[in-house]
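# Tertiary structure, described
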Amino acid sequence: MDKLDIFNYFPDLTPRQKEQFGALDALYHEWNAKINVISRKDIDNLYLHHVLHSLAIAKVVSFRPGTTILDIGTGGGFPGIPLAIMFPECRFRLIDSIGKKVRVATEVAHAIGLDNTEAFHRRGEEEKDKFDFVVSRAVMPMPDLVKIVRKNISKSQHNALPNGLIVLKGGTLEDELRPYAKIVERTDISSFFSDEWFQGKQVIYLPITPNK
Ligand SMILES: C[S@@+](CC[C@H](N)C(=O)[O-])C[C@H]1O[C@@H](n2cnc3c(N)ncnc32)[C@H](O)[C@@H]1O
């Protein structure tokens with residue numbers, strides 16, 4: 001797959017967004033050769049396994065302008081960077097506990113002129129600010145994530161979807177989602193992206209009641 005499939009799945013992209021998505025290939029190849037954020041075997045699947053996978057969140061929620069989003073454990077910028085391109089009027093903070101990975105996210109965001117994105121070397125446990133949503137991919141089991149992010153969910157609501165956590169996950173999730181069985185919403189990514197790689201992968205949304 002190449003970037004053109006992304007343009008087909010999201011037909012309303014502006015020329016600037018297309019240019020930004022298009023630039024990711026060379027930038028991630030360049031930075032991944034210096035600092036490994038994507039397995040070397042997988043870097044040629046950048047658009048399918050990393051960019052489009054991140055954008056599954058954009059098929060589940062269309063963040064209103066002004067929405068603030070924290071990406072915990074962003075690594076080299078997933079899902080934060082593709083989402084920041086997709087929602088230029090929202091503000092994104094990308095954090096990771098490994099500084100050199102944050103450097104890749106920072107450099108890529110800078111190179112494509114993403115002015116709605118900041119990236120910090122920081123553990124989720126240390127993040128003090130509040131956001132409308134927290135997003136994450138491949139970082140930790142849901143109960144651990146919920147414990148860490150409850151302090152970061154803002155009370156004020158800007159979207160039809162109540163503030164909360166939106167996570168990309170695959171595999172058997174019954175055990176880790178059992179505590180939230182009554183409120184969790186699970187969407188099969190294969191219901192909107194046809195590639196076989198998305199079979200069994202889901203977008204998990206959990207509304208979170210903020211700390212008092
Ligand atoms: C498997 S990588 C996934 C990176 C990225 N989300 C992606 O999907 O490509 C997991 C990342 O989570 C980060 N991480 C793990 N625990 C963390 C924590 N408590 N706070 C911030 N980052 C954390 C790790 O440093 C690592 O970069």
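Just so you know, these numbers come straight off a predicted model, no measurement behind them.

## A short note on the packing of aromatic side chains
- With the rule as written, the count across this model stands at 8 aromatic pairs.
- Measuring from ring centre to ring centre gives 5.2 Å for W197 and F198, while their planes differ by 80°; the resulting arrangement is edge-to-face.
- Owing to a relative accessible area of 25%, W197 belongs among the partly exposed residues under this scheme.
- Overall, the relative accessible area of 0% leaves F198 in the buried class.
- Feature note: the residues Y9, F10, F192, F193, W197 and F198 constitute an aromatic cluster, connected by ring pairs.
- Positioned above the aromatic ring of W31, the side-chain terminus of K34 is 3.9 Å from the ring centre.
- The aromatic ring of F10 is capped on one face by K59, whose charged end is 4.4 Å from the ring centroid.

## Structural notes on the packing of helix α2 (residues 15-34) against helix α5 (residues 99-111)
- Their axes nearest at 10 Å, the elements α2 and α5 cross at an angle of 150°. As far as their axial angle goes, α5 and α2 are roughly antiparallel. The hand of the α2/α5 crossing is right-handed. On α5, the residues touching L24, L27, Y28 and W31 of α2 are R103, V104, E107, V108 and A111.
- Split into classes, the residues belonging to the contact of α2 with α5 amount to 7 nonpolar, no polar and 2 charged.

## Some words on the UniProt feature "binding site: S-adenosyl-L-methionine" (unreviewed entry) in the protein
- With numbering matched to this structure, UniProt assigns "binding site: S-adenosyl-L-methionine" (unreviewed entry) to G73, F78, G124, E125 and R137.
- Looking at the secondary structure, you find G73 in the loop between β1 (68-72) and α4 (80-86).
- You can call G73 buried: its relative accessible area is 19%.
- If sequence neighbours within four positions are ignored, G73 has contacts with F78, I95, D96, R137 and V139.
- Residue position: F78 is located in the loop between β1 and α4.
- Setting aside residues up to four positions removed in sequence, F78 forms contacts with Y28, I38, L46, H50, V51, S54, D71, G73 and R137.

## What about the sheet that holds strand β3 (residues 117-121)?
- Taken in spatial order, the 7 strands line up as β3-β2-β1-β4-β5-β7-β6 in an open sheet, and their pairing is mixed. Strands with a single pairing partner mark the edges of an open sheet, and in this sheet they are β3 and β6 (185-188). Here the average twist between neighbouring strands, direction ignored, is 20°.
- Pairing of strand β2 (residues 91-96) with β3 involves 5 bridges; the strand directions are parallel. Along β3, the bridge assignment pairs D96 with H121.
- Contacts between α5 and the sheet are confined to β2 and β3, with β3 contributing the most and set at about 165° to the helix.
- In this fold helix α6 (residues 142-149) packs onto β1, β4 (133-137), β5 (164-170) and β7 (201-207), with an angle of close to 155° to the strand it touches most, β5.

## A few points about the pattern of salt bridges
- Across all of its chains, the model carries 10 salt bridges by this definition.
- With a closest N to O distance of 2.7 Å, R93 and E127 form a salt bridge. Here the residue R93 occupies a position in strand β2, and E127 occupies one in the loop between β3 and β4, the gap between them amounting to 34 residues. With respect to class, R93 is no different from E127; both count as buried.
- A salt bridge links K169 to E176, with the shortest nitrogen-to-oxygen separation between them at 3.2 Å.

The rules behind each value
- Throughout, a residue's number is its position along its own chain's written sequence, starting from 1.
- A pLDDT threshold of at least 70 governs which residues receive local features in this predicted model, and a stricter bar of 80 or more applies before side-chain atom pairs are shown or counted, although totals over entire chains, interfaces and linings include all residues.
- No hydrogens and no water enter the side-chain calculation; it runs on all heavy atoms of the structure.
- For this analysis, a ring pair means two rings from Phe, Tyr or Trp (six-membered ring only for Trp) whose centres lie within 6.5 Å, classed as stacked if their planes differ by under 30 degrees, edge-to-face if by over 60, and tilted for the remaining angles.
- Partly exposed describes any residue whose relative accessible area lies between the buried limit of under 20% and the exposed limit of over 50%, with all areas from a 1.4 Å probe on protein chains only and scaled to the type maximum.
- Two conditions define a charge located above a ring, namely a distance within 6 Å from the ring centre to NZ of Lys or CZ of Arg, and an angle within 35 degrees of the ring normal.
- For helices, the fitted axis covers only the stretch in contact; all axes are lines through C-alpha atoms, and the angles between them, taken along N-to-C directions, range from 0 to 180 degrees.
- Every helix listed is a DSSP run of H or I at least four residues long, and every strand listed is a run of E at least two residues long, numbered separately from the N terminus.
- An angle below 35 degrees is treated as roughly parallel, one above 145 as roughly antiparallel, one from 65 to 115 as roughly perpendicular, and anything else as oblique.
- The hand of a helix crossing depends on one turn: near helix anticlockwise from the far one by less than a right angle means left-handed, and clockwise means right-handed.
- Pairs of residues are marked as contacts when any of their non-hydrogen atoms sit within 4.5 Å.
- All amino acids are sorted into three groups, where Ala, Val, Leu, Ile, Met, Phe, Trp, Tyr, Cys and Pro are nonpolar, Asp, Glu, Lys and Arg are charged, and the leftover types, Gly among them, are polar.
- UniProt positions are given in the numbering used here, feature names are shortened, and annotations may be inferred rather than shown by experiment.
- Should DSSP find at least two bridges between two strands, the strands are regarded as paired.
- We define a salt bridge as a contact between a side-chain nitrogen of Lys or Arg and a carboxyl oxygen of Asp or Glu at a distance within 4 Å.

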